[in-house]
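Listed here are the chains, written in short residue letters.
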Amino acid sequence: MSAFDDLLAANEEFSATFTNAELTGKAARGLAVVTCMDSRIDPLGLFGLKPGDAKILRNAGARVTDDVLRTLVLAVNLLAVERVLVMPHTDCGMTKVTDDEVHAIAARRGVDTRSLDFHTVPDQDAALRHDLTRIRTSPFLPAGMPVGGAVYDVRTGKLMPVDI
Ligand SMILES: [Zn+2]
């Protein structure tokens, strides 16, 4: 018995009818999506995409961190990505706390997290525009590459363009 038995069992069924063996690692639709780890977001489903179509980069808050930039540079150079959509969402947990509050919560558990930057989001619109600028002005990514921002509404499933 392990904590993952349910997953192993489900994968037995999944692999029994697996049909994606011919896919390559390249993004067939030339798309990368930066979005949040929120479990309500189905990044392929909400765009009508399927496995193989897009690179999906997820973290807390859909933030464009150094590691997201690193991954985008690789995706553009190696994996056929030609456009990037940054997609935070409504009701995001990262908009409801500050870094200091997370540090305090962890401290109550005896854990010192002060060396971590959580990139919490006090102003979602400002954070999204900042993150779009980070991609657009990166010297490591193609000038003029389409970079868009939109907020996903977890209550309606609709995308609200912010800067596309
Ligand atoms: Zn979120």
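The preceding data block contains the structure.
Structural notes, computed from the coordinates. (Residues numbered from 1 in each chain as written. Predicted model: local features only at pLDDT ≥ 70, side-chain atom pairs only at ≥ 80, totals over all residues. Heavy atoms only, no water.)

**What about the overall build of the protein?**
At step 1: Check the secondary structure of the protein and you find four helices and five strands.
At step 2: Across the protein, helices and strands are ordered from the amino to the carboxyl terminus as α-β-β-α-β-α-α-β-β.
At step 3: Dimensions of the protein along its principal axes, counting C-alpha atoms only, are 50 × 45 × 30 Å.
At step 4: Taken across its 164 residues, the protein has 35% of its residues classed as buried.
At step 5: For the protein, the proportion of contacts with a sequence separation of at least 24, taken over those separated by at least 6, is 65%.
At step 6: Summing over all exposed atoms, the protein offers an accessible surface of approximately 10,100 Å²; the carbon and sulfur share of this is 57%.
At step 7: Where the 18 positive side-chain charges of the protein centre and where its 22 negative ones centre are 4 Å apart. (Helix = DSSP H or I, 4+ residues; strand = E, 2+ residues; numbered from the N terminus. Buried < 20%, exposed > 50% of the residue type's maximum accessible area, 1.4 Å probe, protein only. Contact = heavy atoms within 4.5 Å. Areas by Shrake-Rupley, 256 points an atom, 1.4 Å probe, with all protein chains shown as cover. Lys, Arg positive; Asp, Glu negative; His and termini not counted. Charge placed at Lys NZ, Arg CZ, Asp CG, Glu CD.)

**What to know about the coordination of the zinc ion**
At step 1: C36 (SG), H89 (NE2) and C92 (SG) make up the full set of protein donors to the zinc ion, lying at 2.0 to 2.3 Å.
At step 2: One chain supplies every donor for the zinc ion, spaced along it as C-x52-H-x2-C. With a gap of 56 residues between them, C36 in strand β1 (residues 31–36) and C92 in the loop between β3 (83–87) and α3 (99–108) connect regions that are remote in the sequence. Here C36 and C92 have matching classes, each one buried. (Donors = N, O, S within 2.8 Å, 3.2 Å for Na, K, Ca; no water.)

**Examining helix α2 (residues 66–78)**
At step 1: The terminal C-alpha atoms of α2, which comprises 13 residues, lie 18 Å apart, in line with the 18 Å expected from a rise of 1.5 Å per residue.
At step 2: For α2, the set of buried residues is V68, L69, L72, A75 and V76. Buried residues of α2, viewed axially, fall in a sector of 125 degrees; they line one side. Turned more than 90 degrees off the buried face of α2, the exposed positions are D66, N77 and L78.
At step 3: Following α2 by one or two positions, A80 adopts a phi angle in the positive range, close to 70 degrees. (Expected span 1.5 Å × (residues − 1). Arc of directions from axis to C-beta.)

**With respect to helix α4 (residues 124–136)**
At step 1: Along its 13 residues, α4 runs 18 Å from first to last C-alpha, staying within 8% of the 18 Å computed at 1.5 Å per residue.
At step 2: Elements that come into contact with the buried residues of α4 comprise α2, β3, β4 (147–152) and β5 (159–163).
At step 3: Residue D123 occupies the N-cap position of α4, its side-chain oxygen lying 3.2 Å from the main-chain nitrogen of D125. (Polar contact = N/O pair within 3.5 Å; in protein donor to acceptor, adjacent residues only side chain to side chain.)

**Description of a nonpolar patch on the surface**
At step 1: A surface patch of nonpolar side chains, amounting to about 340 Å² of accessible area, comprises F4, L7 and L8.
At step 2: Summarising the element assignment, L7 is placed in helix α1 (residues 5–16).
At step 3: The exposure class of L7 is exposed, given its relative accessible area of 52%. (Patch = residues over 30% accessible without salt bridge, like charges linked within 9 Å, V, L, I, M, F, W, Y side chains within 5 Å. Salt bridge = Lys/Arg side-chain N within 4 Å of Asp/Glu carboxyl O.)

**Details of the environment of R129**
At step 1: As for its placement among the helices and strands, R129 is situated in helix α4.
At step 2: Note on R129: relative accessible area 36%, which makes it partly exposed.
At step 3: Taking the C-alpha atoms as reference, R129 lies 9.6 Å from G148; in sequence the two are 19 residues apart.
At step 4: R129 has contacts with V162 and D163, leaving out every residue within four places of it along the chain.

**Remarks on the pattern of salt bridges**
At step 1: Taken as a whole and judged by the stated rule, the model has eleven salt bridges.
At step 2: Its salt-bridge partner being D112, residue R114 comes within 2.7 Å of it at the nearest N-O pair.
At step 3: Residue R129 pairs with D125 through a salt bridge whose shortest N-O separation is 2.9 Å. Placement of the pair is R129 and D125 together in helix α4, with a separation of four residues, close to one helical turn.

Everything listed is a geometric property; what it means functionally is a separate question.
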